[in-house]
Amino acid sequence: MSTKQGRMGWLFASPYLIYALVFFLIPLVWSLFLSFTDWNLISPTFSFVGIENYTEALKSPGVQSAFWVTFKFMAVFVPLVVASSIVVALIVQGLPRFKGLFLIGFFLPYLASGVVSSLIVKGLLSYNSPVNEFLRNAWGLDIDWLGSPFAALFVVAVIIAWKFTGYYALILTSGFESIGTEIYEAAMIDGVSPWQRFWKITFPLLYPALFTVLILSIGVTFGIFTEVYQLTGGGPNFATNTWQMEIFTRAFSNLQAGYASAIAIIASVVTFISIFIIRKLLEMWGKRNGWS
Amino acid sequence: MGGAKKKGLWFRYLLAVVLLLIMIFPYIYMVLNSFADWDQVDKKLFPTEYTLQSYQWLLGGGEAVIPRPWLNAFFNSFIVSGASTFLMMVTAIMVAYALAKMPFKGRDTINNFILFQMFFPAIILLIPTFLVIQRIGMYDSYWGMILPKAMSLWAVFMYTNFFKAIPDTFIEAAKLDGASELQIMYKIVMPMSKSITTVIFLFLFMERWTELLWDMLVAKSDNMLTLNVLLSQMFGPYGGYPGPMYAASVLLTLPIIIIFLLFAKKFQEGMQFTLK
């Protein structure tokens, strides 16, 4: 290892070093510092308030709702997107021709901006929209989609599931490719039913790809913002108030920069611990069933 | 047996087509409504009267403070996403090459730190990053939108793994021929990385093009807004103009779909690689 090469290495790595300093380490320290102040984002002065922001935050309905809403989104969104992407992957997988073309088609929703998909859904679900006209006339149903807590959460979860289905199906099909046809042929000879075939052969072999999809989709639920901001603003009555929404509202609408920094730190800790625990549980579940 | 199998196949294709149509229905709805007569927008699943009025409104300027706000925002989106993606690619390639192919003291430390930062919840950085941008005088500027998104750790991670798989003998042979590090990257490493470069480029560009939160915080003046931010601001107060909002959605979605379809074949090859 010559010194010249060492210097070149540092030179090539320097963009990261600068980036990590300016956009990671400095903000990180600043955030911690702010979380112990009552700064309002504009005023030149502020005072230290100790851990008051943290105790205040833990008691507030905004933070408590953000904690639960994330898990509610997880409970609706993850099963939805996993099921739909498995269905898409299963259907596309067996096609001898145009498989790639279909996969590209199913991937297209991933390209939509959250603003655009929210706009379309808002149009589709407005009071006089064809969907609601139909529901009213056919079944006498009058649903206030974005005004009732569960429906609003469900609508947002569906939009995001729509976006990610094709992407996850692509991941799953590469998992299918690792399953050889000989296994199926052997099972066919042994007279295994399609249902058994799915659970005893396909599912265990698919598990590594499925694990990736599960981890990715769980990660998504901790970062929901655009659709909620656009459609509900976190409402009705905090029913869709995610961490990002809560921090954004506090910091940039209410100008409570110090308080919002404390929430951001709480959110990061909760996110980190939750993902860690869920990951470990998933790994244990896979191991116990002998899938991984 | 053969007949039954063929029938089953037909059924599968039918199922796939129907499912695909359902999945892309929101796009179809968007396009149809952007051309629909203003009386029919959001009133019918398939409008019957069509007009170009929405696009005329959009391109002619609509009602706003600055002339042609939508075209201006479209232009801003390209500048911001283009510059940001370009920088993310260049920095990722440089750093990944150093981490994979240039032995130097402290390399493992940097590598571990990148992994640590990758799994660190980014939400904590939102407010202070905004303050950093404000303090260095980049609030309400292109650079303010570009610089905090000038590097992607995910891209560094992907490239590092890919470069590690390239045999050292290629690089050493080139070095003996007197090639510099930059020449090696440009002439040997990059041509070998075409499909993974396509995948990384597409994901970065898609993500940057549809970014809302950050651009919304940094861009304040009317002439600085990206198309995504302008659309986000307008579809509430401009509820009276649903047609043009659909036209703006088409304007926002079309470029990214075209770029994706241009690279779709390479993208699929690359995806197969990255998933293995």
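Residues numbered from 1 in each chain as written. Chains lettered and ligands numbered in written order. Predicted model: local features only at pLDDT ≥ 70, side-chain atom pairs only at ≥ 80, totals over all residues. Heavy atoms only, no water.

A.B. asks: Please give an account of the overall build of chain A that cites residues and values.
C.D. replies: Within chain A, the secondary structure is distributed over twelve helices and zero strands. Ordered by position from the N terminus, the helices and strands of chain A form the series α-α-α-α-α-α-α-α-α-α-α-α. In terms of overall dimensions, chain A has a C-alpha envelope of 80 × 75 × 35 Å along the principal axes. The contacts of chain A with a sequence gap of at least 6 include a subset with a gap of at least 24, amounting to 68%. Carbon and sulfur atoms provide 68% of the accessible area of chain A, an area that totals close to 13,500 Å². Taken together, the 16 basic and 13 acidic charged side chains of chain A have centroids lying 9 Å from each other. (Helix = DSSP H or I, 4+ residues; strand = E, 2+ residues; numbered from the N terminus. Contact = heavy atoms within 4.5 Å. Areas by Shrake-Rupley, 256 points an atom, 1.4 Å probe, with all protein chains shown as cover. Lys, Arg positive; Asp, Glu negative; His and termini not counted. Charge placed at Lys NZ, Arg CZ, Asp CG, Glu CD.)

A.B. asks: How would you summarise the nonpolar core if you had to cite specific residues and measurements?
C.D. replies: Grouped together as the largest cluster of nonpolar side chains are 188 residues, with contacts concentrated most on F107 of chain A together with W70, Y159 and F163 of chain B. Core analysis: the second largest hydrophobic core is formed by eight residues, L125, L135, W145 and I159 of chain A among them. (Core = buried A, V, L, I, M, F, W, Y, C linked by side-chain atoms within 4.5 Å. Buried < 20%, exposed > 50% of the residue type's maximum accessible area, 1.4 Å probe, protein only.)

A.B. asks: Outline helix α13 (residues 227-234) of chain B, supporting the account with residue identities and numerical values.
C.D. replies: The buried fraction of α13 of chain B is high, at seven of eight residues. Burial in α13 of chain B covers these residues: L227, N228, V229, L230, L231, S232 and M234 of chain B. Along its buried surface, α13 of chain B packs onto α5 (114-124) and α10 (226-231) of chain A together with α4 (69-101), α11 (194-209), α12 (213-218) and α14 (242-262) of chain B.

A.B. asks: Just give me the short version of the interface of chain A and chain B, but keep the residues and values in it.
C.D. replies: The partner chain B presents 83 residues to the 85 residues of chain A that form the contact. Summing both sides of the interface, chain A and chain B together bury roughly 7,800 Å²; the carbon and sulfur share of this comes to 80%. In this structure, the connection of chain A to chain B is made through twelve residue pairs in polar contact (both at pLDDT 80 or more). If you list the elements that add at least two residues to the side of chain A that touches chain B, you get α1 (3-34), α3 (61-93), α4 (99-107), α5, α7 (149-177), α10, α11 (243-253) and α12 (257-288) of chain A. Among the elements that take part in the side of chain A that touches chain B, α1 of chain A stands out by supplying 23 residues, more than any other. Broken down by class, the residue content of the side of chain A that touches chain B amounts to 61 nonpolar, 21 polar and three charged. (Buried area = accessible area lost by both parts, 1.4 Å probe. Polar contact = N/O pair within 3.5 Å; in protein donor to acceptor, adjacent residues only side chain to side chain. Nonpolar A, V, L, I, M, F, W, Y, C, P; charged D, E, K, R; others polar.)

A.B. asks: Tell me about the environment of V213 of chain A, residues and numbers included.
C.D. replies: Residues and elements named next belong to chain A. Counting through the fold element by element, V213 comes out in helix α9 (residues 194-221). With relative accessibility at 0%, the residue V213 sits in the buried group. On a C-alpha basis, the gap between V213 and N241 in space is 24 Å, while along the polypeptide they are 28 residues apart. Ignoring anything within four residues of it in the chain, the contact list for V213 reads V82, Y168, I171 and L172.

A.B. asks: An account of the packing of α5 of chain A against α13 of chain B is requested, with residue identities and associated values reported.
C.D. replies: Where α5 of chain A meets α13 of chain B, the closest approach of the two axes is 9 Å, and the angle between their N-to-C directions is 30 degrees. The angle between the axes of α5 of chain A and α13 of chain B places the two elements in the roughly parallel class. Handedness of the crossing formed by α5 of chain A with α13 of chain B: left-handed. Across the interface between the two elements, V115, V116 and L119 of chain A from α5 of chain A touch N228, L231 and S232 of chain B from α13 of chain B. Partitioning the contact of α5 of chain A with α13 of chain B into residue classes produces four nonpolar, two polar and no charged. (Axes fitted to C-alpha atoms, helices over the stretch in contact; angles between N-to-C directions. Parallel < 35°, antiparallel > 145°, perpendicular 65-115°, else oblique. Left-handed = near helix turned anticlockwise from the far one by under 90°.)

A.B. asks: Lay out the side chain of T240 of chain A in plain terms, naming residues and giving numbers.
C.D. replies: Looking at the element boundaries, T240 of chain A is found in the loop between α10 and α11. Look past the residues within four positions of T240 of chain A in its chain and what remains in contact with it is V69, F73, A152, L153, V228, T232, G234 and G235 of chain A.

A.B. asks: Which residues make up unusual backbone geometry, and what values do they have?
C.D. replies: Excluding glycine, a negative phi dihedral is what most residues carry, and trans is how most peptide bonds are arranged. Residue and element names in this part refer to chain B. A positive phi angle, close to 65 degrees, is found at D42, a residue other than glycine. Checked against the element boundaries, D42 lands in the loop between α2 (25-35) and α3 (53-60). Not every positive phi belongs to a glycine, and D140 is a case in point at roughly 60 degrees. Tracing the backbone shows D140 in the loop between α6 (126-135) and α7 (142-146).

A.B. asks: Help me get a handle on the packing of α3 of chain B against α14 of chain B, residues and values and all.
C.D. replies: All names here are of chain B. With their axes 8 Å apart at the nearest point, α3 and α14 run at an angle of 70 degrees to one another. Here α3 lies roughly perpendicular to α14, going by the angle between them. Contacts between α3 and α14 involve S54, Y55, W57 and L58 on the former and, on the latter, G243, P244, M245, A247, A248, V250 and L251. In terms of residue class, the contact of α3 with α14 is made up of nine nonpolar, two polar and no charged.

A.B. asks: Explain the confidence of the model for chain B to me, and be specific about the residues and the numbers.
C.D. replies: As a note on interpretation, predicted positions should not be read in detail where pLDDT is low. Summary statistics for chain B give a mean pLDDT of 88 and a share of 94% for residues scoring 70 or more. Reported for the predicted complex are a pTM of 0.90 and an ipTM of 0.89. (pLDDT = per-residue confidence, 0-100.)

A.B. asks: Can you explain the environment of E49 of chain B? Please cite residues and give values.
C.D. replies: Within the secondary structure layout, E49 of chain B lies in the loop between α2 and α3. Separated by 181 residues in sequence, E49 of chain B and L230 of chain B have C-alpha atoms that sit 28 Å apart.

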